[in-house]
Amino acid sequence: MAGTSAGSIQLDLELNRNGFDRQLNSISDIARKAGKTLFAAFSVKKLLDFGRSCIELGSNLAEVQNVVDVTFPHMSAQVDKFAKSAAANLGLSETMAKQYMGTIGAMSKSLGFSEKAAYEMSEGIASLAGDVASFYNISQDSAFDKLQSIFTGTLIPLREFGINMSQAALSEYALKHGITKTLDAMSEQERVMLRYRFVMDGLKDTQGDFVRTSGGWANQIRVLKLQFDSLKATIGQGLINVFLPVIKMINNLIGRLMSLANAFKAFTELISGKKASAGTSVAKAANNIGAMANAADNTENALDGAGKALKGT
């Protein structure tokens, strides 16, 4: 009797354990599937975010390259060479270097500087921005924004670097370097060149700071980020090459849909008795109806083409 009871209890426990194990395995399977689903969703989002960031950086680089090509039509190769080495030498990304040089070059040429003079000033200020950012441990953009005071003559931004660009200081600097013309008698181009030389001399101790301290933690982190951004920009330009034809096709499709929408609007105005304009007539409305049919055919063809292009990518 006792043996029978013990056997029953053992059998019952074994059955309950098997059921528990099945439930536990079922829960584990659900958890694994949910984890895989979440991981996949997270991975896809991260991949899309990465692609979007690459395309944005690639587009920015293309835009600043356009400014460089227009500003320095005969010296864009020199700008390109300078920009590609700016990460290692100055802590500037290729996009930063070209943006800074394009901005300074455009301002310089608007004041009548030659392309060569504008290039030299642009390279000097871009280089100084990288070294000043390293020396004072500020962002490159912040350093560049303050250095643009060379063109505006604003005093406050450069005081952070110990530069007092007052009228008296500039006059004294001019006399010291054999310039007898007063500031009031100078052209705007001459005043900008004077301020440029004044600031370059005043910040000569910061020049070359990035290279001197490039082995340090802060500058190594800068270089790492810049190189990664350059990698992403290159990938982004490749993605732009792939998707640009598709975007053009979609824009063309939307243009055709707008034609269809306008034709439909004109038709509804005809049957409702409201004229779209003083020149609307029954004949024009009939033409619009014909245009609707043609636009519908063209839209269908465009959709097929867009679908094939997307499959091809």
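Here goes a summary of the coordinates provided. (Residues numbered from 1 in each chain as written. Predicted model: local features only at pLDDT ≥ 70, side-chain atom pairs only at ≥ 80, totals over all residues. Heavy atoms only, no water.)

**Some remarks on the overall build of the chain**
Within the chain one finds 13 helices and zero strands. Its helices and strands taken in sequence order, the chain reads α-α-α-α-α-α-α-α-α-α-α-α-α from the N to the C terminus. Relative to all contacts within the chain whose residues are 6 or more apart in sequence, the contacts with residues 24 or more apart total 69%. Accessible surface, the chain as shown: approximately 19,100 Å² in total, 60% of it carbon and sulfur. (Helix = DSSP H or I, 4+ residues; strand = E, 2+ residues; numbered from the N terminus. Contact = heavy atoms within 4.5 Å. Areas by Shrake-Rupley, 256 points an atom, 1.4 Å probe, with all protein chains shown as cover.)

**Let's talk about a nonpolar patch on the surface**
On the surface, a cluster of nonpolar side chains totalling about 640 Å² of accessible area is made up of Ile 55, Val 242, Phe 243, Leu 244, Ile 247, Ile 250, Ile 254 and Met 258. For the nonpolar patch, the element with the highest residue contribution is helix α12 (residues 217-272), accounting for seven residues. (Patch = residues over 30% accessible without salt bridge, like charges linked within 9 Å, V, L, I, M, F, W, Y side chains within 5 Å. Salt bridge = Lys/Arg side-chain N within 4 Å of Asp/Glu carboxyl O.)

**Concerning helix α6 (residues 140-147)**
Within the sequence span of α6, burial applies to Gln 140, Ala 143, Phe 144, Lys 146 and Leu 147. Along the long axis of α6, the arc covered by the buried residues comes to 160 degrees, so they all point the same way. Looking at the packing, one finds that the buried side of α6 touches α4 (94-110), α5 (115-136), α7 (149-152), α8 (156-159), α10 (188-202) and α12. (Buried < 20%, exposed > 50% of the residue type's maximum accessible area, 1.4 Å probe, protein only. Arc of directions from axis to C-beta.)

**Some words on the pattern of salt bridges**
Oppositely charged side chains can pair when the atoms bearing their charge come close. Counted under the stated rule, the structure contains 11 salt bridges. A salt bridge links Arg 52 to Asp 49; the shortest N-O distance between them is 2.8 Å. On the criterion of helical spacing, the pair formed by Arg 52 and Asp 49 is a turn pair, its members being three residues apart in helix α1 (residues 2-71). The exposure class assigned to Asp 49 is partly exposed, which follows from its relative accessible area of 28%. In this structure, Lys 181 and Glu 190 form a salt bridge, with 3.2 Å as the shortest nitrogen-oxygen distance. With a relative accessible area of 33%, Glu 190 lands in the partly exposed category. Beyond isolated ion pairs, a larger network of salt bridges with shared partners links Asp 80, Lys 84, Glu 94 and Lys 98.

**Comments concerning the layout of surface pockets**
If you add up the space inside the largest pocket, you get close to 250 Å³. What lines the largest pocket is a set of 15 residues, and nearest its centre among them are Leu 57, Ser 93, Thr 95, Met 96 and Asp 229. Elements represented by at least two residues in the lining of the largest pocket include exactly α1, α4 and α12. The leading source of residues in the lining of the largest pocket is α12, at five residues. When the residues that make up the lining of the largest pocket are grouped by side-chain class, the tally is four nonpolar, seven polar and four charged. (1 Å grid on protein atoms, 1.4 Å probe; cavity = no way out; pocket = protein on both sides within 12 Å on 5 of 7 lines; lining within 4 Å. Points joined across faces, edges and corners; volume = space filled by probe spheres on them. Nonpolar A, V, L, I, M, F, W, Y, C, P; charged D, E, K, R; others polar.)

**Examining the environment of Gly 202**
You can see Gly 202 is positioned in helix α10. For Gly 202, a relative accessible area of 43% puts it in the partly exposed group. As for Gly 202 and Asn 164, which are separated by 38 residues in sequence, their C-alpha atoms are 9.1 Å apart.

**Here's the deal with the packing of aromatic side chains**
Counted under the stated rule, the structure contains five aromatic pairs. Taking 4.1 Å as the distance between ring centres and 10 degrees as the angle between the ring planes, the aromatic pair formed by Tyr 100 and Phe 144 counts as stacked. Of this pair, Tyr 100 sits in helix α4 while Phe 144 sits in helix α6, and the two are 44 residues apart along the sequence. Relative accessible area serves as the criterion here: at 5%, Phe 144 is assigned to the buried category. Summarising the aromatic geometry, the rings of Tyr 173 and Phe 198 are spaced 5.4 Å apart at their centres and angled 90 degrees between planes, so their arrangement reads as edge-to-face. Here the residue Tyr 173 occupies a position in helix α9 (residues 167-176), and Phe 198 occupies one in helix α10, the gap between them amounting to 25 residues. Linked through ring pairs, Phe 135, Tyr 136 and Phe 161 together constitute an aromatic cluster. (Phe/Tyr/Trp six-rings, centres within 6.5 Å; stacked < 30°, edge-to-face > 60°.)

**Notes on the nonpolar core**
Among the nonpolar cores identified, the biggest contains 50 residues, and Met 121, Ile 125, Leu 147, Ile 163, Phe 198, Val 199 and Leu 203 are the most heavily contacted of them. Of all the secondary-structure elements, those providing two or more residues to this core are α2 (76-84), α3 (86-90), α4, α5, α6, α7, α9 and α10. Considering every element that reaches this core, the biggest residue donor is α5, with nine residues. In this structure, Leu 147 is in contact with Ile 125, Leu 128, Ala 129, Leu 158, Val 199 and Leu 203, ignoring residues within four places of it in sequence. (Core = buried A, V, L, I, M, F, W, Y, C linked by side-chain atoms within 4.5 Å.)

**Notes on the packing of α4 against α5**
The geometry of α4 relative to α5 is characterised by a closest axis approach of 8 Å and an angle of 140 degrees between their N-to-C directions. Between α4 and α5, the angle is such that the two are oblique. Note that α4 runs across α5; the crossing there is right-handed. Residues Tyr 100, Met 101, Ile 104, Gly 105, Ser 108 and Lys 109 of α4 form the contact with α5, whose own contacting residues are Ala 118, Tyr 119, Met 121, Ser 122, Glu 123, Ile 125, Ala 126 and Ala 129. (Axes fitted to C-alpha atoms, helices over the stretch in contact; angles between N-to-C directions. Parallel < 35°, antiparallel > 145°, perpendicular 65-115°, else oblique. Left-handed = near helix turned anticlockwise from the far one by under 90°.)

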